[in-house]
Amino acid sequence: MNRKRTIVVTAAFLLLALTMGFAATGCGSGAQAKKVVRVGFLRNDLHQLAYYVAREKGFFAEQGLDIREGGTFSAGPEEMSAFSAGDLDVGYVGVAPAITFASQGMADVKVVAQANTNGSSILVRPGLDAQDVAGLRGFTVAIPGISTVQDYLLRTALLKAGVDPADVKEVVVKPPEMLPALSAAQVDAAVVWEPYPSMAAAQGAGRVLINSSRIWPNHPCCMVVADASFIQKNPDTVKRFVAAHVQATKYIQDNPAEAADMAHLFTGQDAAVAKSAMKNIKFSYTPDVKAIARYVDFMKQAGVVKDKNPSAFTKGLVDTEFLPGGGS
Amino acid sequence: MRKWKIISPLAALALWQVLASAGVLGRGTPSPVQVVKGLYTLIATGLPPGYHLQGHLIASLGRVFTGFAIAVVIAIPVGVLMGYANVFKAVMDPLVEIVRPVPPLAWLPLAVVWFGIGLGSAAFIIFLGAFFPVVLNTISGVKSVDPHLVEAARTLGARDRTILARVMVPGALPSIFTGLRIGMGIAWMTLIAAELVGVKNGYGLGYMIMAARDFARNDLLVAGIVVIGLVGFLVDWLIRLAERRLLRWR
């Protein structure tokens, strides 16, 4: 009897020592035991701040994840192409490219969490005395792309103000060129995501006419998407990733001042610009399926999403089971 | 010999179709049949819908020819002077050699401020791309003119101006044409990228390709690539035709 007990106790001690040994070398040789996740995100996009916060605050590490930067992209379609190529496991990306690529069968991804809502604005150029959205009638407005969330926001705002969208001339201008185009009066207005509205205000390149939270409150914007086969093979890893993302999102909500400083470090934006931009963005992690379906419906009308029932498609795209209390 | 020329493109097309149908080219790589259908969509429906291929083609050709024409009108006289007058070459060389290696697209943000979006900035970027090959080839063309010919002309009492117009420029023409062909090639390449930032009238081949990318429609994207390739080929063929006509005396 005694001998048996000794063996059990010794075995328990050995196990404990082994575990502690692994824990102690967690940053070094033990790293192989961590789960590798290849993450993509957009450069200069404040909406995706939770990624940076989770990384810098060690939330990913706490979840036992080894985050490898799979790529920094300047535009959503490029990031989605990296999903097509199988180079990414998880990505922070705009809801529009995620829907477009999923519906065209170019990338098999699921939305597993939300990064933010709101965070866009309609800007007018210096010298244009439009006081409200109705004042845009007859003018030229720059949009970042046809059927983007911003395109839809502009149309929604115009309709709400009683303006036929056909009475406004839309031109596609990529966001980095929007501010020069505004200050040179090449376009009269622009609809774009942060930090461009705050940059425009700081540089005197334009003035905010209306924030998107007043056009469509809590409209979907950036999402956390994961490769479908990665989810299938590593559901636990995805759950951990989402947990770290949720923790980071809450951290941003609870510490706005520190989050603004981190936003400044993440994007290299001027601290004052970052601070102003952060006020326009709402960080929340649970995607609103109905709101996304509303946008998918618009994309279907624009011919970008084809042969799909918008709400059925959206239900298939969004997978909330990894969120706290999800899967019900 | 002529019929042998079509064998390699046809074989490439057949191989492409087989590989695409077998699904080994990766997600989102269209097959030739899909590309042909895409071409039809570009012509009939347009991309974005309502903006037809014809309009994109005209807009892009307009931008290329504006930028290219300005480049040629400035580059040939500058090149001839630099090849002929050593002092002028010494003065201009540092400037040319510093600006030349800068990729034209690096100027894009400034071009937007100076010339707006659309024709102005695109033409400026194309000008920068086309200018230097024409200048350099003009210089080397002038330098390659047989000095004996210049001497002979001078002995016969020709003045500098006559020598330039009657001896230097004709002698340099073959090399100038090489410069024009290279410059036009670069002009096309820069055009596409110059339009990626956006265009004011909603037309342009580069802009069309960007829309195809945004819509995740690689069939339309490749159809756009085919159109650009074919138009580039046609333009080059026209320059070679002009070259053959002008240089018949050789």
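The shown structure was predicted, so the numbers you read here are calculated from the model rather than taken from an experiment. (Residues numbered from 1 in each chain as written. Chains lettered and ligands numbered in written order. Predicted model: local features only at pLDDT ≥ 70, side-chain atom pairs only at ≥ 80, totals over all residues. Heavy atoms only, no water.)

Peer 1: Break down the packing of aromatic side chains for me, with residues and values.
Peer 2: Centre-to-centre distance and the angle between the planes together describe a pair of aromatic rings. All names here are of chain A. Within this structure, the stated rule accounts for 18 aromatic pairs over all chains. Ring geometry for F41 against Y51: centres 4.7 Å apart, planes inclined by 35 degrees, an arrangement best described as tilted. With F41 in strand 1 (residues 35-42) and Y51 in helix 2 (residues 49-56), this residue pair connects regions lying 10 residues apart in the sequence. A relative accessible area of 0% places Y51 in the buried class. (Phe/Tyr/Trp six-rings, centres within 6.5 Å; stacked < 30°, edge-to-face > 60°. Helix = DSSP H or I, 4+ residues; strand = E, 2+ residues; numbered from the N terminus. Buried < 20%, exposed > 50% of the residue type's maximum accessible area, 1.4 Å probe, protein only.)

Peer 1: Give me the lowdown on the packing of helix 7 (residues 175-183) of chain A against helix 8 (residues 196-203) of chain A, citing residues and values where you can.
Peer 2: Residue and element names in this part refer to chain A. Two elements in contact, helix 7 and helix 8, have axes whose closest approach is 10 Å; the angle formed by their N-to-C orientations is 30 degrees. Taken together, the axes of helix 7 and helix 8 lie roughly parallel to each other. Crossing hand, helix 7 versus helix 8: right-handed. Contacts from P175, P176 and L179 of helix 7 reach helix 8 at Y196, M199, A200 and Q203. Class assignment of the residues belonging to the contact of helix 7 with helix 8 gives a composition of six nonpolar, one polar and no charged. (Axes fitted to C-alpha atoms, helices over the stretch in contact; angles between N-to-C directions. Parallel < 35°, antiparallel > 145°, perpendicular 65-115°, else oblique. Left-handed = near helix turned anticlockwise from the far one by under 90°. Contact = heavy atoms within 4.5 Å. Nonpolar A, V, L, I, M, F, W, Y, C, P; charged D, E, K, R; others polar.)

Peer 1: Which residues make up the interface of chain A and chain B, and what values go with them?
Peer 2: With 27 residues of chain A in contact, the opposing surface of chain B contributes 23 residues. Taken together, the two surfaces of chain A and chain B that pack against each other cover about 2100 Å², and 60% of this comes from carbon and sulfur. In this structure, the connection of chain A to chain B is made through two salt bridges. Between D214(B) and K174(A) there is a salt bridge, with the nearest N and O atoms lying 3.1 Å from each other. Counting across the chain A and chain B interface gives five residue pairs in polar contact (both at pLDDT 80 or more). Breaking the side of chain A that touches chain B down by element, the ones donating at least two residues are helix 4 (76-84), helix 5 (95-103), strand 8 (169-172) and helix 7 of chain A. Tallied by class, the residues present in the side of chain A that touches chain B amount to 15 nonpolar, six polar and six charged. (Buried area = accessible area lost by both parts, 1.4 Å probe. Salt bridge = Lys/Arg side-chain N within 4 Å of Asp/Glu carboxyl O. Polar contact = N/O pair within 3.5 Å; in protein donor to acceptor, adjacent residues only side chain to side chain.)

Peer 1: Go over the pattern of salt bridges, please, and point to the residues and values.
Peer 2: Within the structure shown, the criterion is met by 20 salt bridges over all chains. Residue D66(A) pairs with R68(A) through a salt bridge whose shortest N-O separation is 2.7 Å. Note that R213(B) and E78(A) form a salt bridge whose closest N and O atoms lie 2.6 Å from each other. Within this pair, whereas R213(B) is found in helix 9 (residues 205-214), its partner E78(A) is found in helix 4, the two belonging to separate chains. On the basis of relative accessibility, which here comes to 22%, the residue R213(B) falls in the partly exposed class. Look at the salt bridges and you will find they share partners, linking E78(A), K174(A), R213(B) and D214(B) into a network.

Peer 1: Give me the lowdown on the pairing of strand 11 (residues 222-227) of chain A, citing residues and values where you can.
Peer 2: All names here are of chain A. The buried count for strand 11 comes to six of six residues, which makes it a mostly enclosed element. By the alternation rule, side chains of strand 11 split into C222, V224 and A226 and M223, V225 and D227, which are all buried. Two elements, strand 4 (residues 109-114) and strand 11, share five bridges in a ladder whose sense is antiparallel. Within strand 11, the position partnered with K110 by the bridge is A226. (Pairing = 2+ DSSP bridges.)

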